[in-house]
Amino acid sequence: MKRRKLIALSAAFVTAIATLLISSQTVLVSAQNGKGKEGKGGDRDTPPPFYNPYPPGILPADLDSEIARVLREVDFIEAEALAQLRALPPPTLTNQPPILAHTGQRLNVLLGKVMNFDKNISPFNDRACAFCHMPYVGFSGPIPSVNLTMVAYPGSFQFRAGKRTAQRYTYSPSFPVLNFNQTQEAFFGGNFWDSRATGYKLGSPDEEQAQGPPVDTQEHALPDTACISFRLQTAVYKPFFIEVWGDAIDTIKFPHNTEEICETPGGAKVFGTNTMPIKLSPAERSIANDVYDHWAQSLDQYETSPDVSAFSSKFDAFLGDPATFPLSADEMAGYNLFKGKANCNSCHLDGRSTAPTPPPPEGTAPNSEDTGAAADTRPVFTCFGSANLGLPLNPRDAIYYQDKPDFFGFTANPFGFGFRDLGLGTFLRSGPGSWASPNDDWTQFAPTSDGKMQTSSARNVALVPPQCPTTEAPGPYFQKEFFHNGYIKSLKQLVHFYNTRDVAAFQFNVTSGHCPTGTTEKVDCWPMPEVPNNIDMTIGKLGLSDTEENQIVAFLQTLSDGFTRPYPDTNTFTGMCTTCNPATDPNCSPSRQGNGFLIPTPSPLPPCASAICGVAPLPGPKPIP
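Structural notes, computed from the coordinates. These numbers come from a predicted model, not from an experiment. (Residues numbered from 1 in each chain as written. Predicted model: local features only at pLDDT ≥ 70, side-chain atom pairs only at ≥ 80, totals over all residues. Heavy atoms only, no water.)

Comments concerning the overall build of the protein chain
Along its length, the protein chain carries 16 helices and eight strands. The 625 residues of the protein chain split such that 58% are buried. Partitioning the intrachain contacts of the protein chain with sequence separation of at least 6 by distance along the chain shows that 72% fall at a separation of at least 24. Only carbon and sulfur atoms are counted for the fraction: they give 58% of the accessible area of the protein chain, which is about 24800 Å². (Helix = DSSP H or I, 4+ residues; strand = E, 2+ residues; numbered from the N terminus. Buried < 20%, exposed > 50% of the residue type's maximum accessible area, 1.4 Å probe, protein only. Contact = heavy atoms within 4.5 Å. Areas by Shrake-Rupley, 256 points an atom, 1.4 Å probe, with all protein chains shown as cover.)

Given below as structure tokens:
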């Protein structure tokens, strides 16, 4: 611990200089970090100075208090999960192969739940998986001001942040192992926006996705996967982990400096390129790897369970008994548009056919009636594929500003605004900010995959806390963010983008924040796409009226769980709903929601960094601007 204490002594000087240089915006170190942290030996360290390379307005003014709020909610649900575990009748170990009979499945689900809400699985004991994925918003981002401003969520070392929105993980266990379909010439499966959690090792993309955030430098930021075993050795729920997975975890004898290592965030200069700084014997490392796999498997069981993927929406009730649970006139009209004229059902599958397409030139989207029979299935409203929707670059994304080294000598994005998010294409090249691809045969398909992001389930896209009944202004509403880069701020804008992206009068060769005078961004001006290749052309010019757009929004709201039975922990939100007054705020409408926070993209925009766009096989046929 001596090295960390010497660092802490110098932190006061560093902080004083940083205070003079950092923007005038006042954002304090969070209460969680600010009160210090106790290691295994009972030492209390002063946290390092926070990282703030951001210009004014990127970090929301209420970030400190909102972080503290979410951490309190995380603690509450963790305590609830512990109580549920302790009240569960113990299972009986029997059978060959061994089975935890009677309550074994529920035990594993609750184990996954308590681990999901354990914020000690981070260097500064201040980030749980749930911090970015809370139940009351369908396990997506729980801070309205972050959704409105910095897009990505701040990790354990503040204020490092990621590059994408907090993707909902309801129904994510349904995604199959990533594979290339040679007939369709497309990838299907995987988890994460870029599908990098392939499932190649554990057989479940969702399990492999759970292994990402704990060692992601921008999230939990643990420097070694063995830190999970180390922290689990002293976890209050360890007896339940042992009951499910055995006691091999206790056979690992960690070195005396393990706490010092695990309280230093990943990417720190001291680690260099060493991804396993904890020195373990081969046998101990193998056990730690097994523990990490079991960590992920229990989390997957929680996410697979009705506690998370509930199938309890109004639409589910309608499918089960349409006479007793009919959709309203607008909801039904929206559903017919969803599987007809709007063509949503071609990617967000509901178990029915999609309405037929007329011949060109009218054949840009189906506009006929769907007469297909409903399939006997549980629709998850995704095709499990990926698509480039042609979204503009969002200059609010925190990642663009993390081009300077932090206190630990780590630079998240050395490219600055030269960064381009090629999504699946970057992963297939094993490029920066993604994972290494486990299949070299896939690399050749990178140029035809650039810009593609996972087609998430449309379920729970509108889920909000009970006290905030909608995602749409004027509210009271809960401010969410949509798509991988958070560019869209309401469901109305989302549908309008699908509807009008390719309307000639709405297309402009500008970046976000530079729409011409007389136009309104996201209303009648769409900036150019960040990645111009492989754009999905089944959308963009659907010919929907304003009323029809609103009807599709009404249908999307029927996909929120909690209609047939309460959705677990959705009432734990303790924050404030947002309201606005259309008479005094020109952006107080679903169409212009969030436009008051638009900022201009740097002009001229630096070209795509060669480390991203100069990696073979090169992007094409168009260059990435």
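With respect to the packing of aromatic side chains
In total, this model carries 36 aromatic pairs according to the counting rule given. Considering the side-chain rings of F139 and Y302, the 6.1 Å spacing of their centres and the 80° angle between planes classify their relative orientation as edge-to-face. Pair noted here: F139 is in the loop between α4 (104-116) and α5 (144-148) and Y302 is in helix α10 (residues 282-304), with a separation of 163 residues, a long-range link. Y302 matches F139 in its accessibility class, with the two residues each being buried. One aromatic cluster is present, built from ring pairs that chain together F315, F318, Y335, F338, F381 and F555. It is R127 that lies over the ring of F131; its NZ or CZ is 4.0 Å from the centre. Of note, K522 hangs over the ring of Y487, and the distance from its end group to the ring centre comes to 4.6 Å. (Phe/Tyr/Trp six-rings, centres within 6.5 Å; stacked < 30°, edge-to-face > 60°. Lys NZ or Arg CZ within 6 Å of the ring centre and 35° of its normal.)

A word on the pattern of salt bridges
Counted under the stated rule, the structure contains 23 salt bridges. Between D75 and K119 there is a salt bridge, with its nearest N and O atoms 2.5 Å apart. Of this pair, D75 sits in helix α3 (residues 63-87) while K119 sits in the loop between α4 and α5, and the two are 44 residues apart along the sequence. Look at D75 and you get partly exposed, because its relative accessible area is 30%. Two residues, K113 and E80, come together in a salt bridge whose shortest N-O distance is 2.8 Å. Taken together, the residues K113 in helix α4 and E80 in helix α3 connect sequence positions 33 residues apart. The exposure class assigned to K113 is buried, which follows from its relative accessible area of 2%. Via salt bridges that share partners, R164, D194, R196 and D421 belong to a single interconnected network. (Salt bridge = Lys/Arg side-chain N within 4 Å of Asp/Glu carboxyl O.)

Considering the packing of α4 against helix α8 (residues 238-245)
Their axes nearest at 10 Å, the elements α4 and α8 cross at an angle of 140°. By the angle between their axes, α4 is oblique relative to α8. Of the two elements, α4 crosses α8, and the hand of that crossing is left-handed. Here L107, N108, L111 and M115 of α4 lie close against α8, whose contacting residues are F240, F241, E243, V244 and W245. Broken down by class, the residue content of the contact of α4 with α8 amounts to seven nonpolar, one polar and one charged. (Axes fitted to C-alpha atoms, helices over the stretch in contact; angles between N-to-C directions. Parallel < 35°, antiparallel > 145°, perpendicular 65-115°, else oblique. Left-handed = near helix turned anticlockwise from the far one by under 90°. Nonpolar A, V, L, I, M, F, W, Y, C, P; charged D, E, K, R; others polar.)

Brief notes about the nonpolar core
Of all hydrophobic cores here, the largest spans 51 residues; its most connected members are Y54, F131, M134 and M150. For this core, the secondary-structure elements that each account for two or more residues are α3 and α16 (610-613). With six residues, the single largest contributor to this core is α3. In this view, M150 contacts I58, L59, P60, L63, A161, R396, D397 and A398; residues no more than four positions away in its chain are not counted. Judged by nonpolar contacts, the second largest core, of 42 residues, contains A81, L222, Y237 and F241. (Core = buried A, V, L, I, M, F, W, Y, C linked by side-chain atoms within 4.5 Å.)

Overview of unusual backbone geometry
Note the cis peptide between Q96 and P97, where omega equals 10°. Relative to the elements of secondary structure, P97 occurs in the loop between β3 (92-94) and β4 (99-101). Along the chain, A473 connects to P474 via a cis peptide bond; the corresponding omega equals 10°. Counting through the fold element by element, P474 comes out in the loop between β8 (453-454) and α14 (491-500). Within the chain, N95 stands out as a residue other than glycine whose phi angle is a positive 80°. Within the fold, N95 resides in the loop between β3 and β4.

With respect to α8
If you check which residues of α8 are buried, you get K238, F240, F241 and V244. On an axial view of α8, the arc spanned by its buried residues comes to 160°, and they lie on one face. Buried positions along α8 lie against α3, β4, α4, α7 (226-232) and α10. Positive phi appears at G246, one or two residues downstream of α8, with a value of about 90°. (Arc of directions from axis to C-beta.)

Side note on the state of the cysteines
A full pass over the atoms with the stated rule returns five disulfides. Put simply, C468 and C577 are joined by a disulfide, and their sulfur atoms are 2.1 Å apart. On the sign convention where negative is left-handed, the bridge of C468 and C577, at about -90° about the S-S bond, is left-handed. Of this pair, C468 sits in the loop between β8 and α14 while C577 sits in the loop between α15 (546-556) and α16, and the two are 109 residues apart along the sequence. Judged by its relative accessible area of 23%, C577 is partly exposed. C608 shares a disulfide with C613; S-S distance 1.9 Å. Because the sign of the S-S torsion sets the handedness, a value of about 85° for the bond joining C608 and C613 places this disulfide among the right-handed ones. There is no split in this pair, since C608 and C613 are both buried. Each bonded cysteine in the protein chain gets a number by its place in the sequence, and the pairs come out as 1-2, 3-6, 4-5, 7-8, 9-10. (Disulfide = S-S within 2.5 Å.)

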